[in-house]
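Residue-level structure breakdown
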Amino acid sequence: MSDNLSSVAFAGSTGNEGAATDTATFGAGCFWCVEAVFQQVEGVLKVTSGYCGGHVKNPTYEQVNTKTTGHAEVAQIIFDPKKISFDELLEIFWQTHDPTTLNRQGNDVGPQYRSAVFYHNAEQKAKAEKYKEELNKSGAFSAPIVTTVEAYKNYSEAENYHQNYYNLNKNSNPYCYYVIKPKLDKFDKVFKDKKRKN
């Protein structure tokens, strides 16, 4: 990814600033990684790992891993729109994973690891499609963005052992050190102004 990403304007209203909270749902590979990144963001109130976009109601992790349910692993993000906008969350989303690899993030391969924005309303859909188009035009990435923009459907929370995974397992699971920590280090470097203060 080049520095051109910063030239794409991520700013403006989500149309929901008057609400106490808003929701964003992103798939960007393993949900442990996505959850860990967005837990660092000022204005994010809660992040929950889950499954979204498939055709099976309340699938298990094992079912999703068969690659037959249509679900993606996602992080559902409850945020305060007075402190951070959907636009800013999109910017973090695109800069903290590789949106150019189809159904893959590193060694995690399969449709459940696809890059996806699951929109909750027409405005989120329009913003995600607009920024995807602008990023492609800008040459921010060396290959076309394959992120899907999908309607939010059939969401369910993942099992308890997947929740808050990095914080609970960073000293015991090598995946946390070798895969998740570099993403957090990048977030710290690129988005230090958006990092949670406490």
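This text goes with the structure placed above it.
For the structure given in this document, a descriptive report is provided here. Since the structure is predicted, the reported quantities are computational estimates derived from the model, not experimental observations. (Residues numbered from 1 in each chain as written. Predicted model: local features only at pLDDT ≥ 70, side-chain atom pairs only at ≥ 80, totals over all residues. Heavy atoms only, no water.)

Remarks on the overall build of the protein chain
Cut-off, in case you're wondering: Strands here are runs of E lasting at least two residues and helices are runs of H or I lasting at least four, both read from the DSSP assignment and numbered beginning at the N terminus. Accessibility here uses a 1.4 Å probe with only protein chains present; expressed as a share of the type maximum, an area under 20% marks a residue as buried, one over 50% as exposed, and anything in between as partly exposed. Methods summary: accessible areas were calculated by the Shrake-Rupley approach with a probe of 1.4 Å, and residue burial reflects only the protein chains presented.
Within the protein chain one finds six helices and eight strands. Element order for the protein chain, N to C, with α for helix and β for strand: β-α-β-α-β-α-β-β-β-α-β-β-α-α. Counting all 198 residues of the protein chain, 51% fall into the buried class. For the protein chain, the computed accessible surface area is about 9,300 Å², with 50% contributed by carbon and sulfur atoms.

Digging into the nonpolar core
General note: in soluble globular proteins, nonpolar side chains tend to be found buried as a group. The following threshold applies: Remark: nonpolar core denotes a set of buried residues (Ala, Val, Leu, Ile, Met, Phe, Trp, Tyr, Cys) joined through side-chain atoms within 4.5 Å. Only heavy atoms matter for contacts: two residues are in contact if any of them lie within 4.5 Å across the pair.
With 44 residues, the main nonpolar core has Phe 26, Phe 38, Ile 77, Leu 89 and Ile 180 as its most contacted residues. In terms of residues, this core owes the most to one element, helix H1 (residues 31-38), which gives seven residues. Not counting residues within four places of it along the chain, the set of residues in contact with Ile 77 comprises Asp 22, Thr 23, Ala 24, Phe 26, Phe 38, Val 44, Lys 46, Val 47 and Leu 89. Counting residues in each nonpolar core, the second largest holds six residues, with Cys 52, Ala 72, Ala 116 and Tyr 155 among its members.

Some remarks on the pairing of strand S2 (residues 44-52)
The line we're drawing: Here, a strand pair is defined by DSSP locating no fewer than two bridges between the strands.
The buried fraction of S2 amounts to seven of the nine residues, a majority that puts the element mostly inside the structure. Sheet topology places S2 next to strand S3 (residues 72-79); eight bridges connect them, and they run antiparallel. Within the sheet, the bridge partner assigned to Lys 46 lies in S3 and is Ile 78. In this structure, S2 lies alongside strand S8 (residues 156-157), joined through two bridges in antiparallel fashion.

Regarding the sheet that holds S2
Sheet strands pair by backbone hydrogen bonding; their relative direction is either parallel or antiparallel. For clarity, the cut-off: Interaxial angle, 0 to 180 degrees, is taken between N-to-C directions of lines fitted to C-alpha atoms, where a helix line uses only the stretch in contact.
Taken together, the six strands give an open sheet; going across it, the order is S7-S6-S1-S3-S2-S8, and neighbouring strands pair in mixed fashion. If you trace the sheet from one side to the other, it starts and ends with strand S7 (148-151) and S8, each paired once. The sheet strands contacting H1 are strand S1 (22-28), S2 and S3, and the helix crosses S2 at an angle near 170°. Taken strand by strand, helix H4 (residues 122-138) contacts S1, strand S6 (115-119) and S7, and its axis lies near 150° from that of S6.

Re the packing of aromatic side chains
The condition is simple: Classification of ring pairs uses Phe, Tyr and Trp, with its six-membered ring standing for Trp, and accepts pairs whose centres are within 6.5 Å; under 30 degrees between planes counts as stacked, over 60 as edge-to-face, and the remaining range as tilted.
In the structure shown here, the tally under the stated rule is 11 aromatic pairs. The interplanar angle of 35° and the centroid separation of 6.1 Å between the aromatic rings of Phe 26 and Phe 86 together place this pair among those described as tilted. Of this pair, Phe 26 sits in strand S1 while Phe 86 sits in helix H3 (residues 86-95), and the two are 60 residues apart along the sequence. Relative accessible area serves as the criterion here: at 0%, Phe 26 is assigned to the buried category. For Phe 86, a relative accessible area of 1% corresponds to the buried category. Plain terms: the ring middles of Trp 32 and Tyr 175 are 5.5 Å apart, the flat faces sit at 85° to each other, and that makes the pair edge-to-face. Taken as a pair, Trp 32 in helix H1 and Tyr 175 in helix H6 (residues 174-190) lie far apart in primary sequence, 143 residues in all. Classification of Trp 32 by relative accessible area gives buried; the value is 12%. Looking at Tyr 175, the relative accessible area reads 19%, which means it is buried.

Details of H4
Condition: To estimate how far a helix should extend, the number of its residues minus one is multiplied by 1.5 Å. The directions considered for the arc run from the helix axis to the C-beta atoms. In protein, a polar contact requires one atom able to donate a hydrogen and another able to accept it; more generally it is a pair of N or O atoms within 3.5 Å, and residues adjacent in sequence count only if both atoms are side-chain atoms.
Between its first and last C-alpha atoms H4 spans 24 Å; for 17 residues at 1.5 Å apiece the expected length is 24 Å, and the two agree. Those residues of H4 that sit buried are Gln 124, Lys 127, Ala 128, Tyr 131 and Leu 135. Viewed along the axis of H4, the buried residues span an arc of 95°, placing them on a single side of the element. Of the exposed residues in H4, those oriented more than 90 degrees away from the buried face are Ala 122 and Lys 137. Those residues of H4 that are buried lie in contact with S1, H3, S6 and S7. The N-cap of H4, judged by a side-chain oxygen 3.1 Å from the amide nitrogen of Glu 123 a few residues on, is Asn 121. The positive-phi residue at the C-terminal boundary of H4 is Gly 139, with phi of around 75°.

What to know about the environment of Lys 186
By the secondary structure assignment, Lys 186 is in helix H6. A C-alpha to C-alpha distance of 8.8 Å links Lys 186 and Gln 95, two positions 91 residues apart in sequence. Separated by 2.9 Å, the side chain of Lys 186 and the backbone oxygen of Gln 95 make a polar contact.

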